[in-house]
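# Structural features, examined
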Amino acid sequence: MTTAAIIGGGVIGGGWAARFLLNGWDVRVFDPDPQAERKIGEVLANARRALPSLYDRALPPEGKLSFHADMAEAVSDAVWIQESVPERLDLKHKIHKLIQQHAPKDAILGSSTSGFKPSELQEGALNPGQIIVAHPFNPVYLLPLVEVVPSAATPDAVTRRASALLNSVGMKPLVVRKEIDAHIADRLLEAVWREGLWLIKDGICTTEELDDAIRFGFGLRWAQMGLFETYRIAGGEAGMKHFMAQFGPALEWPWTKLMDVPEFTDELVDLIASQSDAQSGHMSIRDLERLRDDNLVGMMRALKKSGSGAGGTINSHEAMLPDPEPADLPVTVSRRIPQSWTDYNGHMNEAKYLEAAAQATDRFMEMIGCDAEYIASGGSYFTVESHVRFLNEMHEGDALTITTQVLKGEGKKMHLFHRLLGPDGKLAATVETLLLHMDMKARVSALPSDEVAARLTAYATAHAGMPMPEGAGRHVGQKV
């Protein structure tokens, strides 16, 4: 089992612990805070609720979480060590020296710092090339971006290995080409933050109105396209050059106050704090975190469908996840129920049972060779009839497993029976579906390729000796 050591278990350290743990790593935490175990437990509860909902395949079994009073014990044999202590350079130097006295020489030592450059962190270090900046974004267990910043003293092999390890836990490493204060993303955030402070101080808007400008407008565009691709579209058919020519002169206008910062007087702090309380003080921090996570999961799943932005990272990570162990009946779906699949009763919506079964059908098609490449060549199976039986409730976060039995597989026909199993293997629903193989160019039914037919026949033969499943052949209104 691969081991990560987390040094500092606050919001960011707890997020790192959850990211590694839910991707199958053993995690050791060192934090002298007597509340560390409770705090990380609360972060983990949110992570267990949210992260698996991004995926249509099961994440690896959770690793082992342990808390250690001895830093040497925590970092021994660790492959990745993530430091997330307060932003004090002297403290980080002290912690890094202690870590390097006891950690494996080939371990990656990443710092979550948002401001310090790696060369500053490496000053006086026992092994400078071991230390890199690995700056994540909250919540670390959901947001994939992590800024990886090497210095001139960082071997290329360390940067490549760090990026590969971060990829393996579903993150998007962005290697920063040159050291710079605050890296990339926080410099952009700082610009918006400074301008926002002036807009509020000058009475132009409240905190809620400023947030509305982001969340109802450009924030939605940025989630999928970022800044420059958004502006490329704004340039119309003429593209980015036209946009730059049209709006570039505005950069010389005296709009911004980015070169100046309003003084943090008690009056300004009280003004912003009171407006923030009025905006969202009716919700606890944990409620806000869960709302944030549910919204992020919904948006990222939409991006997953198109492969844009963070959705592409999820798709790439999902492709790395192993399939479940083979059974007498193939497991065609193994996933968690996302919040977006539930209705006003808190139950899985009836349409989602059919959607889950459709995912099982798609996966089985891949297993017999009717994959994306085959479909692109002009052949596929089309569903012509389905019958759903709803037997038990499913809820947000429940583990869903689907097994698929071939009732018939010959000629143009493929007759499948999906069993939807909830927690503890309890049968939640069955979906019986009949499909016909199609020539997609001629738009008529046709025989599958010999290879697909042979694979389907192999499954049909293997399943022929199994009992006919209960509920097969039923129709609406038929009495038990």
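Values in this document were obtained by computation on a predicted structure and should not be read as measured data.

Let us now look at the nonpolar core. Soluble, globular proteins show a tendency: their nonpolar side chains are buried together. In this structure, W16, F20, L54, W80 and L142 are the most contacted members of the largest nonpolar core, which totals 41 residues. Not counting the four nearest positions on each side in its chain, F20 is found in contact with A4, I6, W25, V27, W80 and V169. Grouped together as the second largest cluster of nonpolar side chains are 21 residues, M71, I81, L91 and F116 included.

Its 19 residues give helix α8 (residues 207-225) an end-to-end C-alpha distance of 25 Å, which sits within 8% of 27 Å, the value for a rise of 1.5 Å per residue. Considering bend angle alone, the principal kink of α8 is centred on F218 and spans about 55 degrees. Phi turns positive one or two residues past the end of α8, at G226, with a value near 70 degrees.

Structurally, the position occupied by A357 is in helix α14 (residues 350-367). The exposure class assigned to A357 is buried, which follows from its relative accessible area of 2%. Each C-alpha atom, one on A357 and one on I402, is 7.6 Å from the other, the two residues being 45 residues apart in sequence. Ignoring sequence-local partners within four residues, the contact set of A357 consists of I402, H418 and V431.

This part is about the layout of surface pockets. Its boundaries defined by the atoms lining it, the second largest pocket holds a volume of some 900 Å³. If you go around the second largest pocket, you meet 31 residues; those closest to its centre are D56, K304, E318, Q359 and D362. Counting residues per element, the ones that place at least two in the lining of the second largest pocket are α12 (285-306), α13 (310-320), β9 (331-336), α14 and α15 (372-376). The greatest single-element share of the lining of the second largest pocket, amounting to seven residues, is contributed by α14. Looking at side-chain class alone, the lining of the second largest pocket contains 12 nonpolar, six polar and 13 charged residues.

Our next topic: the packing of aromatic side chains. Scanning the entire structure with this criterion turns up six aromatic pairs. The interplanar angle of 50 degrees and the centroid separation of 4.7 Å between the aromatic rings of F218 and W222 together place this pair among those described as tilted. One end of the pair, F218, and the other, W222, are both in helix α8, four residues apart, so they sit about a helical turn from each other. Classification of F218 as partly exposed rests on a relative accessible area of 27%. The class of W222 is partly exposed, set by a relative accessible area of 37%.

Pairing between the strands of a sheet comes from backbone hydrogen bonds, and it takes one of two forms, parallel or antiparallel. Strand order in the open sheet formed by eight strands is β3-β2-β1-β4-β5-β6-β7-β8, with mixed pairing between adjacent strands. What marks the edges here is a single partner per strand, and that holds for β3 (65-68) and β8 (172-175). Neighbouring strand axes in the sheet, compared pairwise and without regard to direction, differ in orientation by 25 degrees on average. Summarising the sheet, strand β4 (residues 80-83) and strand β5 (residues 108-111) pair through four bridges and their orientation is parallel. Within β5, the position partnered with W80 by the bridge is I108. Across the sheet, helix α6 (residues 156-168) touches β4, β5, β6 (131-136), β7 (145-149) and β8, and the angle it forms with β8 is around 155 degrees.

Rules used in this analysis
Residues numbered from 1 in each chain as written. Predicted model: local features only at pLDDT ≥ 70, side-chain atom pairs only at ≥ 80, totals over all residues. Heavy atoms only, no water. Core = buried A, V, L, I, M, F, W, Y, C linked by side-chain atoms within 4.5 Å. Buried < 20%, exposed > 50% of the residue type's maximum accessible area, 1.4 Å probe, protein only. Contact = heavy atoms within 4.5 Å. Helix = DSSP H or I, 4+ residues; strand = E, 2+ residues; numbered from the N terminus. Expected span 1.5 Å × (residues − 1). Bend = angle between axes of the 7 residues up to and from the residue. 1 Å grid on protein atoms, 1.4 Å probe; cavity = no way out; pocket = protein on both sides within 12 Å on 5 of 7 lines; lining within 4 Å. Points joined across faces, edges and corners; volume = space filled by probe spheres on them. Nonpolar A, V, L, I, M, F, W, Y, C, P; charged D, E, K, R; others polar. Phe/Tyr/Trp six-rings, centres within 6.5 Å; stacked < 30°, edge-to-face > 60°. Pairing = 2+ DSSP bridges. Axes fitted to C-alpha atoms, helices over the stretch in contact; angles between N-to-C directions.

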